[in-house]
Amino acid sequence: MTPTSLLDLDRDQLAAACADEPPYRVDQIWRGLYERAARPAEMTDLPLALRRRLSEDFAPALTEITRRTSADGGTVKWLWRLHDDRAVETVLMHYDERVTVCVSTQAGCAMGCGFCATGQAGFERHLSTGEIVAQVLEARRAAAPRRVSNVVFMGMGEPLANYDRTWAAIERIHDDMGISARHITVSTVGLVPGIERLATERLPVNLAVSLHAADDELRDRLVPVNRRWPLEELARACEHHRVATGRRLSFEWALIDGVNDRPDDARRLAAYAKRLRAHVNLIPLNPTPGWPTRGTPPAGVRAFRDALARRGVNVTVRRNRGADIEAACGQLRVERRPRNARATSETPTDSILER
Ligand code: SAH
Ligand code: SF4
């Protein structure tokens, strides 16, 4: 068995792996994988010998270590082991009107936002396309008979720092799994070259930017990437994306008590968001081990929301899902150091940042 999973093969590579089979088998396997989210052993339209060979020759992309379900049953969080013993998390959320899966794109993250549990743990490696797609497939299996309707790239890691693999995953989720681009959201800390590139892609996906501060002095401290791409440059890239794709832009804002919840913060955010016609998602900061400041208390959250709404900003307070199983925004981290973990030779960001 190689460490490669079937999900890491594109169609041509799958065809090459099945060269001794009749050509229509490739289509059968592809549809089994992506339309039915089946494992090879379950593809009963294939001959037994082929099912066996696929199961033996290819490793599963993800192996479940733990699966936790929130008390109300609406949120499920997995911890997966990867073939090299690293680990990532995925969160599935059931709402009345939709089923959303929140996927990871990297083991760890190099962006260093101090308030984020993933950032506190540092970068390990990029996930492969197969490892990203597998999270959506596993969620689809678990959600049945409901269908996963939305995919948000808001798990561990910075999707635009792992651009090529993330984009290939988006294409497969859209083209082969049938999830529409308007139901796919990429969240970024604000990597301007990545946003610019996203604006030119053939599929118009939604863009969410983790803003958290609307003045450079504060954002430099909260989100270190701001030192490289400050707010003015970020605004230009967001505008480009919005105009090119016609998709709604949204800003994520984790309210930190006494840090970014002051009247001046609301005023600056309102100006920035209105100029870009962006929707604002507020969420009180969730506690993480490495960041002592607490989230804004409920009355402060309401006051901040009202201050934005009064200025004509489209604003919602995000329902905080899964806090009882540490699945809430910013809480994803792999508590246990995976076995055999060692420094990686991979660079934390791919070529997108060098352009
Ligand atoms: N790296 C991307 C994708 C991860 S999304 C990004 O940062 O956008 C994770 C979201 O949770 C981001 O909006 C992030 O800013 C937010 N977040 C991180 N730590 C948090 C915390 N402690 N409480 C609430 N939100 C947090
Ligand atoms: Fe990385 Fe996003 Fe966490 Fe920042 S908030 S450290 S970019 S995962």
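Remember, predicted model here, so these are calculated numbers, not experimental data. (Residues numbered from 1 in each chain as written. Chains lettered and ligands numbered in written order. Predicted model: local features only at pLDDT ≥ 70, side-chain atom pairs only at ≥ 80, totals over all residues. Heavy atoms only, no water.)

1. Focus: the site of ligand 1
For step 1, the next point in the chain: Lining the immediate surroundings of ligand 1 are 20 residues, of which Phe115, Ser187, Ser210, His212 and Asn286 lie closest.
For step 2, the next point in the chain: Within the backbone of Phe115, one N or O atom sits 3.0 Å away from a nitrogen atom of ligand 1.
For step 3, the next point in the chain: Ser210 has a polar side-chain atom sitting 2.6 Å from an oxygen atom of ligand 1.
For step 4, the next point in the chain: Against a free-state accessible area of 540 Å², the protein chains account for coverage of 93% of ligand 1. (Near = heavy atom within 4 Å. Polar contact = N/O pair within 3.5 Å; in protein donor to acceptor, adjacent residues only side chain to side chain. Areas by Shrake-Rupley, 256 points an atom, 1.4 Å probe, with all protein chains shown as cover.)

2. Here's the deal with the packing of helix 5 (residues 129–143) against helix 6 (residues 163–175)
For step 1, the next point in the chain: Packing of helix 5 against helix 6 brings their axes to within 8 Å, and their N-to-C directions diverge by 40°. One way to sum up the angle between helix 5 and helix 6 is to call them oblique. The two elements helix 5 and helix 6 meet at a crossing, and its hand is right-handed. Residue-level contacts link Thr129, Ile132, Val133 and Val136 of helix 5 to Arg165, Thr166, Ala168, Ala169, Arg172 and Ile173 of helix 6.
For step 2, the next point in the chain: For the contact of helix 5 with helix 6, the class distribution of residues is six nonpolar, two polar and two charged. (Axes fitted to C-alpha atoms, helices over the stretch in contact; angles between N-to-C directions. Helix = DSSP H or I, 4+ residues; strand = E, 2+ residues; numbered from the N terminus. Parallel < 35°, antiparallel > 145°, perpendicular 65-115°, else oblique. Left-handed = near helix turned anticlockwise from the far one by under 90°. Contact = heavy atoms within 4.5 Å. Nonpolar A, V, L, I, M, F, W, Y, C, P; charged D, E, K, R; others polar.)

3. Considerations on the domain arrangement of the protein chain
For step 1, the next point in the chain: The assigned domain composition of the protein chain is domain 1 (1–59) and domain 2 (61–325).
For step 2, the next point in the chain: Placing the centre of domain 1 and that of domain 2 at their C-alpha centroids yields a distance of 33 Å.
For step 3, the next point in the chain: Facing 15 residues of domain 1, the contacting portion of domain 2 comprises 15 residues.
For step 4, the next point in the chain: Where domain 1 abuts domain 2, roughly 1,200 Å² becomes buried across the two surfaces, and 48% of that area is made up of carbon and sulfur atoms.
For step 5, the next point in the chain: Three residues stand out in domain 1 for area buried against domain 2, namely Leu7, Tyr34 and Ala37, and they jointly supply 45% of the buried area on that side.
For step 6, the next point in the chain: Counting across the interface, domain 1 meets domain 2 through two salt bridges.
For step 7, the next point in the chain: For Arg39, the salt bridge is made with Glu138, and the minimal N-O distance between the two is 2.9 Å.
For step 8, the next point in the chain: Taken together, the links from domain 1 to domain 2 amount to 10 residue pairs in polar contact (both at pLDDT 80 or more).
For step 9, the next point in the chain: Partitioning the side of domain 1 that touches domain 2 into residue classes produces nine nonpolar, one polar and five charged. (Domains from an automatic or database assignment. Buried area = accessible area lost by both parts, 1.4 Å probe. Salt bridge = Lys/Arg side-chain N within 4 Å of Asp/Glu carboxyl O.)

4. Things to note about the site of ligand 2
For step 1, the next point in the chain: All residues in the neighbourhood of ligand 2 are listed as Cys109, Met111, Cys113, Cys116, Gly119, Gly157 and Val189.
For step 2, the next point in the chain: Tallied by class, residues from the shell around ligand 2 come to five nonpolar, two polar and no charged.

5. Some words on the side chain of Lys77
For step 1, the next point in the chain: Within the secondary structure, Lys77 sits in strand 2 (residues 75–81).
For step 2, the next point in the chain: A polar contact of 3.2 Å, which involves the side chain of Lys77, links it to the side chain of Glu89.
For step 3, the next point in the chain: Not counting residues within four places of it along the chain, the set of residues in contact with Lys77 comprises Thr66, Arg67, Arg68, Glu89, Thr90, Val91, Ile325, Glu326, Ala327 and Leu332.

6. Quick look at the side chain of Asn206
For step 1, the next point in the chain: Here Asn206 is to be found in strand 9 (residues 206–210).
For step 2, the next point in the chain: Here the side chain of Asn206 touches Thr185 through a polar contact of 3.3 Å, side chain to side chain.
For step 3, the next point in the chain: Look past the residues within four positions of Asn206 in its chain and what remains in contact with it is Ala181, Arg182, His183, Ile184, Thr185, Val186, Arg247 and Arg248.

7. Overview of the packing of helix 6 against helix 7 (residues 192–199)
For step 1, the next point in the chain: At a minimum axis distance of 12 Å, the contact between helix 6 and helix 7 shows a crossing angle of 30°. It follows from the interaxial angle that helix 6 and helix 7 lie roughly parallel. Both helix 6 and helix 7 take part in a crossing whose hand is right-handed. Contact residues: Tyr163, Asp164 and Trp167 in helix 6; Gly194, Arg197 and Leu198 in helix 7.

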